[in-house]
Amino acid sequence: MIQFVLKRLGTTIPTFIGVSIITFLFIRLIPGDPILIMAGERGMSAERHAKLLAQYGYDQPLWQQYWDYLSGMLRGDLGISFRTKRPVWDEFFALFPATLELSVCAIIFSIIIGIPSGIVAAIYRGKWPDQLLMSTALVGFSMPIFWWALLLIIFFSGTLGWTPVSGRISLLYYFPAETGFMLIDAWRSGQEGAFRSAIDHLILPTIVLGTIPLAVIARQTRSAMLEVLSEDYIRTARAKGLSPFRINGLHALRNALIPVITVIGLSVGTLLAGAILTETIFSWPGIGKWMVESIRSRDYPVVQGGLMLIAGMVMLVNLFVDLLYGIINPKIRKS
Amino acid sequence: MALLEVNNLTVEFKTSQGPFRAVDSIDVAVGANDVLAIVGESGSGKSVSMLAVMGLLPWTATVTADSMMFNGVDLAGLDSKQRRDIVGKDMSMIFQEPMSSLNPCFTVGFQLREALKAHLPLSRRERKHRAVELLEMVGIPEPTKRLGAFPHQLSGGMNQRVMIAMAIACKPKLLIADEPTTALDVTIQAQILELLLELNQQHDMALVLITHDMGVVAETAQRVSVQYAGQKVEEQSVEALFATPRHPYTHALLAALPERATGKMLPSIPGVVPGQFDRPSGCLFSPRCEFATELCVKEVPIANSDDPTSVRCHYPLGKSASVA
């Protein structure tokens, strides 16, 4: 097992270098000079521009710049943001808990509803529960996310007044962000109603962000289950006289989980990169918005560093998924 | 009274091209402690008829029968819960592909204990003890250690032994073995058959052996039922069948045995079993039968169900046609 983990970690090194080259090059391929953008509409003199370029090292040849960036990264130094003058590292970890909190809630929501829906659809294949669930999933998958978010806000926040419209917690509460996770901080603050308020604020963003993964997981579970249900070992399980619940929920599901876990892993990857639309609509201070603003202002260190950290997270999730494969189906561990 | 007595069993599958009759009014009777072999080519409905008895057919299948008595109970009259209480306990089945018939995600021990848990009121410790005992009974070395093994860590023969252990876990009265040795090496085949016969004799367990291998039939069975294209064409004791096959199909099957061949070329039956769209109007075997006449093409032969020696043929063969 340890050997497997080390081996898998080894294979992430080339990926990591590849990602670093791509992020480094792509931000420089976008037209626009970060120094001029910082100066804004006033513009600046040619001498001052040249001086600033030299100060940030952007007058160096590309390979030299890349080398500085890479060696800085290896020392744990991701640079300083142009916009806020704060270290990229600090900025990232101030915002990331918000994204992580929302992503985890969204993925749990989509798993809890998606997997049972897929199982039910597979068991009743071709009958009305299957058709109802799968057409709903298709609608969920194809719906524009901002439109869906607005519908929910209009109905639940506007008409019914059940949930807040935006933000992470009601303005009535204030406490220092110790962990960055609003649920945990609110709980620990001990203020009455704070935890409840944090949950209320999470509901709609969770549903909105979880809708597409939910649809993908439900459809993937259905097709994986259909494949597994025709396997010989399912017939054996039935020949033992086991209950349908045990056959479907244990014997079939465990085998069907491999492709489902794969799509869950991929969904977690995209969610961690920040849900730009969802974060914008609900004024959620996560890294999605932060990344978009940094790209717009050509904030090279933030774009490079932020992307590297996100890529690192995604790689970690994939490593975890690979480990899960072997735990779910020991046959995979062998090959 | 027989342990299993099925009358006029018919199984139809819904297909996109209309219904397909895989089993056509078959009678099966197995006495306690009997060994019945069901033989026939691929597509003759051997497995389907037994899967119907077990209640393991997919939802696309429609099973009808005049009666399906097992151990004094009419299986057709049971709801699915009552059926599950019998299946896997009093009546169990093993399959052709041992490697794919065990769940790759669970250990052998888990799958074995699960079969016990489903039907017997044993404690955890008793189940484990019984699992070891069962593996020992089917001849698996180091049974305690094997309980923790996954199916992919065992050979095909070992997996089939595990399947057998699972099937006999609750001391069934009837074991249906669906081509249990087809996927195994010849040496392992003999061992598995020997094991099945041993269980049959020592544990008062009737055995239905589905096979297309006449050699296996000769070595194991007491009675033989020959099926063709979903119909039973004849049933005899094994000695009588090999000595005097009465149906031309049985005759042709026996003539195709390599050990009985006299010429340079092995004899074979021309053509294939009719499928969904090329079913002949008269006797189903008539297009391939060397004795067929106009009557065979026109009229369906019916076996007299009161006469056990009766066969589904207009011109049953007598002693003179013996190929021994």
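Remember, predicted model here, so these are calculated numbers, not experimental data.

Here we take up the overall build of chain A. Regarding its fold elements, chain A presents 15 helices and 0 strands. When the backbone C-alpha atoms are referred to their principal axes, chain A occupies close to 85 × 55 × 40 Å. Counting every position in chain A, which comprises 335 residues, the buried fraction comes to 35%. Of all intrachain contacts in chain A linking residues separated by at least 6 positions in sequence, the fraction that spans at least 24 positions is 73%.

Residues and elements named next belong to chain A. It is the contact of helix α5 (residues 88–123) with helix α14 (residues 300–328), at a shortest axis distance of 10 Å, that shows an interaxial angle of 55 degrees. The orientation of α5 with respect to α14, classified from their angle, is oblique. Both α5 and α14 take part in a crossing whose hand is right-handed. Two secondary-structure elements touch here, α5 through Val88, Glu91 and Phe92 and α14 through Pro301, Val302, Gly305, Gly306 and Leu309.

All right, on to the sheet that holds strand β10 (residues 223–228) of chain B then. All names here are of chain B. Here 6 strands make up an open sheet; going across it, the order is β7-β8-β9-β3-β10-β11 and the pairing mixed. Strands with a single pairing partner mark the edges of an open sheet, and in this sheet they are β7 (91–94) and β11 (231–237). Averaged over all pairs of adjacent strands, the angle between strand axes in this sheet comes to 15 degrees, irrespective of strand direction. Direction of pairing for β7 relative to strand β8 (residues 174–178): parallel, over a ladder of 4 bridges. If you follow methionine 93 over to β8, its bridge partner there is isoleucine 176.

Moving on, we come to the pairing of β11(B). The two faces of a sheet get side chains in turn, since along a regular strand they alternate between them. Residues and elements named next belong to chain B. For β11, the tally of buried residues reaches 6 of 7 residues, placing the bulk of the element in the interior. Across 6 bridges, β10 lies against β11 in antiparallel orientation. When the bridges of β11 are listed, glutamine 227 appears paired with lysine 232.

Attention shifts here to the pairing of strand β3 (residues 35–39) of chain B. Residue and element names in this part refer to chain B. Across the 5 residues that make up β3, a large majority, 5, are buried. Residues Val35, Ala37 and Val39 point to one face of β3 and Leu36 and Ile38 to the other, with burial holding for every one of them. In this structure, β3 lies alongside strand β9 (residues 206–211), joined through 5 bridges in parallel fashion. Each bridged residue has a counterpart across the sheet, and for alanine 37 the counterpart in β9 is leucine 209.

The subject of this paragraph is the interface of chain B and chain A. Each partner contributes to the interface: chain B provides 24 residues, whereas chain A provides 20 residues. Those elements that provide at least two residues to the side of chain B that touches chain A are α2 (80–86), β7, α3 (98–101) and α4 (108–119) of chain B. For the side of chain B that touches chain A, the leading source of residues is α4(B), giving 4 residues. When grouped by side-chain class, the residues that make up the side of chain B that touches chain A number 12 nonpolar, 7 polar and 5 charged.

Here the focus is helix α8 (residues 186–202) of chain B. All names here are of chain B. The terminal C-alpha atoms of α8, which comprises 17 residues, lie 24 Å apart, in line with the 24 Å expected from a rise of 1.5 Å per residue. Of the positions making up α8, those classed as buried are Ile192, Leu196 and Leu199. End-on view of α8: buried residues confined to an arc of 65 degrees, all on one side of the axis. What points out from α8, more than 90 degrees from its buried face, is the exposed set Val186, Thr187, Gln201 and Gln202. The inward-facing, buried residues of α8 abut α7 (156–167), β8 and β9. Remark: aspartate 204 follows α8 within two positions and exhibits a positive phi of approximately 55 degrees.

Take unusual backbone geometry next. Residues and elements named next belong to chain B. With a phi angle near 75 degrees, asparagine 33 is a residue other than glycine that sits in the positive phi range. Structurally, asparagine 33 is set in the loop between β2 (18–30) and β3. For asparagine 33, a count of 15 C-beta atoms within 10 Å translates into the label partly exposed. Positive phi outside glycine occurs at glutamate 142, with the angle close to 50 degrees. Within the fold, glutamate 142 resides in the loop between α5 (124–137) and α6 (143–146).

The next subject is the environment of Thr211(A). Residue and element names in this part refer to chain A. Mapping threonine 211 onto the fold places it in helix α9 (residues 194–229). The exposure class assigned to threonine 211 is buried, which follows from the 24 C-beta atoms found within 10 Å. In this structure, the C-alpha to C-alpha distance between threonine 211 and aspartate 185, residues 26 residues apart in sequence, is 27 Å. Those residues within four positions of threonine 211 in sequence are excluded, and the remaining contacts are Gly140 and Trp148.

Moving on: the confidence of the model for chain A. Looking at chain A, pLDDT values average 88 and 99% of them are 70 or higher. Across chain A, element-level confidence peaks in helix α10 (residues 232–239) of chain A with a mean pLDDT of 94 and bottoms out in helix α15 (residues 330–334) of chain A with 74.

So, about the nonpolar core. Core analysis: the biggest nonpolar cluster contains 160 residues, and Met54(B), Leu112(B), Ala165(B), Leu174(B), Ala177(B), Leu207(B) and Val208(B) have the highest contact counts within it. If you tally residues by element for this core, the top one is α9(A), at 18 residues. Leaving out residues up to four positions away in the same chain, Met54(B) has contacts with Ala239(A), Val87(B), Met91(B), Met93(B) and Ile176(B).

Residues and elements named next belong to chain B. By the secondary structure assignment, serine 155 is in the loop between α6 and α7. Given 13 C-beta atoms within 10 Å, serine 155 falls into the partly exposed group. Expressed as a C-alpha distance, the spacing of serine 155 and glycine 282, which sit 127 residues apart in the sequence, is 47 Å.

What follows is about the confidence of the model for chain B. All names here are of chain B. Per-residue pLDDT for chain B has a mean of 88; in total, 96% of the residues score no lower than 70. Low pLDDT, under 50, characterises residues 319–324; the stretch is placed with 10 contacts to residues that sit more than four places away or in other chains. Overall fold confidence for the complex sits at a pTM of 0.84, while the interface term, ipTM, reaches 0.88.

Residue and element names in this part refer to chain A. Where helix α1 (residues 2–29) meets α14, the closest approach of the two axes is 10 Å, and the angle between their N-to-C directions is 155 degrees. With respect to α14, the element α1 is oriented roughly antiparallel. The handedness of the crossing between α1 and α14 comes out as right-handed. Of the residues in α14, those in contact with Arg8, Thr12, Thr15, Val19, Ser20, Thr23, Phe24 and Ile27 of α1 are Tyr300, Val303, Gln304, Leu307, Met308, Ala311, Met315, Leu319 and Asp322. Residue composition of the contact of α1 with α14, by class: 10 nonpolar, 5 polar and 2 charged.

What follows covers α4(B). All names here are of chain B. Under the 1.5 Å per step criterion, the end-to-end length of α4 is 18 Å for 12 residues, consistent within 8% with the ideal 16 Å. Every buried residue of α4 is accounted for by Val108, Gly109, Gln111, Leu112, Arg113, Glu114, Ala115, Leu116, Ala118 and His119. Among the structural elements, α5, α6 and α7 are those in contact with the buried residues of α4.

Rules behind the numbers
Residues numbered from 1 in each chain as written. Chains lettered and ligands numbered in written order. Predicted model: local features only at pLDDT ≥ 70, side-chain atom pairs only at ≥ 80, totals over all residues. Helix = DSSP H or I, 4+ residues; strand = E, 2+ residues; numbered from the N terminus. Buried ≥ 20, exposed ≤ 12 C-beta atoms within 10 Å, placed from the backbone. Contact = placed C-beta atoms within 7 Å. Axes fitted to C-alpha atoms, helices over the stretch in contact; angles between N-to-C directions. Parallel < 35°, antiparallel > 145°, perpendicular 65-115°, else oblique. Left-handed = near helix turned anticlockwise from the far one by under 90°. Pairing = 2+ DSSP bridges. Nonpolar A, V, L, I, M, F, W, Y, C, P; charged D, E, K, R; others polar. Expected span 1.5 Å × (residues − 1). Arc of directions from axis to C-beta. pLDDT = per-residue confidence, 0-100. Core = buried A, V, L, I, M, F, W, Y, C linked by C-beta atoms within 7 Å.

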